[in-house]
Amino acid sequence: NSAEAAGLVQACVQHRMPCVISFTLETDGALPSGETLQAAICAVEAAGPVLYYMLNCAHPSHFAGVLAQAVVAGEEWVDRIRGLRANASAKSHAELDAMTELDSGDAEELAVQCRGLKERALPALNVLGGCCGTNVRHVAQMHAACAHLFAS
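Just so it is clear, the structure is predicted and the values come from calculations on it, not from any experiment.

### Concerning the overall build of the chain
In terms of regular secondary structure, the chain is built from 6 helices and 4 strands. Each helix (α) and strand (β) of the chain, taken in turn from the N terminus, gives the series α-β-α-β-α-β-α-α-β-α. In terms of overall dimensions, the chain is globule-like: its C-alpha atoms have a radius of gyration of 15 Å, near the 15 Å expected for 152 residues. In terms of principal-axis extent, the alpha carbons of the chain reach across some 40 × 40 × 30 Å. Evaluated residue by residue, the chain yields a buried proportion of 40% over its 152 residues. Contacts spanning at least 24 positions in sequence make up 73% of the contacts within the chain whose residues lie at least 6 apart. In the form shown here, the chain has an accessible surface area of approximately 8,000 Å², with 53% of it arising from carbon and sulfur atoms.

Written out as structure tokens, the structure reads:
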């Protein structure tokens, strides 16, 4: 939640350390607390300097719509997101917690969705990787789909 993240930012300021904040999102693109991603980023920004934000432990389908709406509306907070560690599965956290076998999702589809996010919503993205359920297949597919977007 943003209160915990703000506390971390304040501790980093006190100890003169750089800070990157990563938020976990649910299937509706909001934090598990119910707070919107926009509200969380704006609240943390008020606490002190953050190098950038990341999204983790969520499938791109969970938050792509939120980001697309923000981009269309010209909301600047989206530009602060520069990292993504995506889950392999599009299932919710509750569904995944109840499973007895790992859902590794579709590696190729995940890579295509990550590429779409970089192209349309997150042009400043500079960290891309996998989170829950991903393995070398997923990372290889992400590389094949996205490497040209990161070339300098």
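### Some points on the sheet that holds strand β3 (residues 81-86)
Strand order in the open sheet formed by 4 strands is β1-β2-β3-β4, and the pairing between neighbours is parallel. Lying at the two open borders of the sheet, with one neighbouring strand each, are β1 (20-24) and β4 (127-130). With direction set aside, neighbouring strand axes in the sheet form an average angle of 20 degrees. Taken together, the 4 bridges between β3 and β4 define a ladder with parallel strand orientation. By the bridge assignment, L84 is partnered in β4 with L128. Strands in contact with helix α3 (residues 60-72) are β2 (52-58) and β3; relative to β2, the strand with the most contacts, it is inclined by about 140 degrees.

### Examining the environment of R120
Structurally, R120 is set in helix α5 (residues 107-120). By relative accessible area, which is 62% here, R120 ends up exposed. Sequence spacing of R120 and V139 is 19 residues, and the spatial spacing of their C-alpha atoms is 20 Å.

### Re the state of the cysteines
Disulfides are covalent bonds that link the sulfur atoms of two cysteine residues. The tally for this structure, following the rule as stated, stands at 0 disulfides. The thiol sulfur of C146 is not disulfide-bonded, and the nearest other cysteine sulfur, from C114, lies at 5.9 Å.

### Remarks on the pattern of salt bridges
Evaluated as defined, the whole model comprises 2 salt bridges. One salt bridge in this structure joins E45 and R80, with 3.0 Å as the shortest N-O distance. Here R80 lies in the loop between α3 and β3 and E45 lies in helix α2 (residues 37-45), a separation of 35 residues in the sequence. Since its relative accessible area comes to 33%, E45 is described here as partly exposed. With a shortest N-O distance of 3.9 Å, R120 and E119 are connected by a salt bridge.

### Topic: the nonpolar core
A general trend in soluble globular proteins is that nonpolar side chains are found buried together. One finds I21, F23, L37, L67 and I81 to be the most contacted residues of the largest nonpolar core, which totals 34 residues. At the level of secondary structure, the elements contributing two or more residues to this core comprise α1 (2-14), β1, α2, β2, α3, β3, α5 and α6 (136-150). Once you skip the residues sitting within four places of it in the chain, L67 turns out to touch L37, L55, W77, V78, I81, L117, A121 and L122.

### Structural notes on the pairing of β3
Where β2 and β3 come together, 5 bridges link them in parallel fashion. Residue pairing for β3: A58 is matched across the bridge by A86. Between the parallel pair β2 and β3, the chain is carried across by α3, and the sense of this crossover is right-handed.

### As for the packing of aromatic side chains
Under the counting rule described, the total for this entry stands at 1 aromatic pair. Relative to Y53, the ring of F23 lies with its centre 6.2 Å away and its plane at 5 degrees, an arrangement referred to as stacked. Of this pair, F23 sits in strand β1 while Y53 sits in strand β2, placing them 30 residues apart in sequence. Taken as a pair, F23 and Y53 share a single burial class, namely buried. Residue placement shows K118 over the ring face of F150; its charged tip is 4.7 Å from the ring centre.

What counts, and at which threshold
- Residues numbered from 1 in each chain as written.
- Predicted model: local features only at pLDDT ≥ 70, side-chain atom pairs only at ≥ 80, totals over all residues.
- Heavy atoms only, no water.
- Helix = DSSP H or I, 4+ residues; strand = E, 2+ residues; numbered from the N terminus.
- Rg over C-alpha atoms; globule rule 2.2 N^0.38 Å.
- Buried < 20%, exposed > 50% of the residue type's maximum accessible area, 1.4 Å probe, protein only.
- Contact = heavy atoms within 4.5 Å.
- Areas by Shrake-Rupley, 256 points an atom, 1.4 Å probe, with all protein chains shown as cover.
- Pairing = 2+ DSSP bridges.
- Axes fitted to C-alpha atoms, helices over the stretch in contact; angles between N-to-C directions.
- Disulfide = S-S within 2.5 Å.
- Salt bridge = Lys/Arg side-chain N within 4 Å of Asp/Glu carboxyl O.
- Core = buried A, V, L, I, M, F, W, Y, C linked by side-chain atoms within 4.5 Å.
- Right-handed = clockwise from strand over helix to strand, strands pointing away.
- Phe/Tyr/Trp six-rings, centres within 6.5 Å; stacked < 30°, edge-to-face > 60°.
- Lys NZ or Arg CZ within 6 Å of the ring centre and 35° of its normal.

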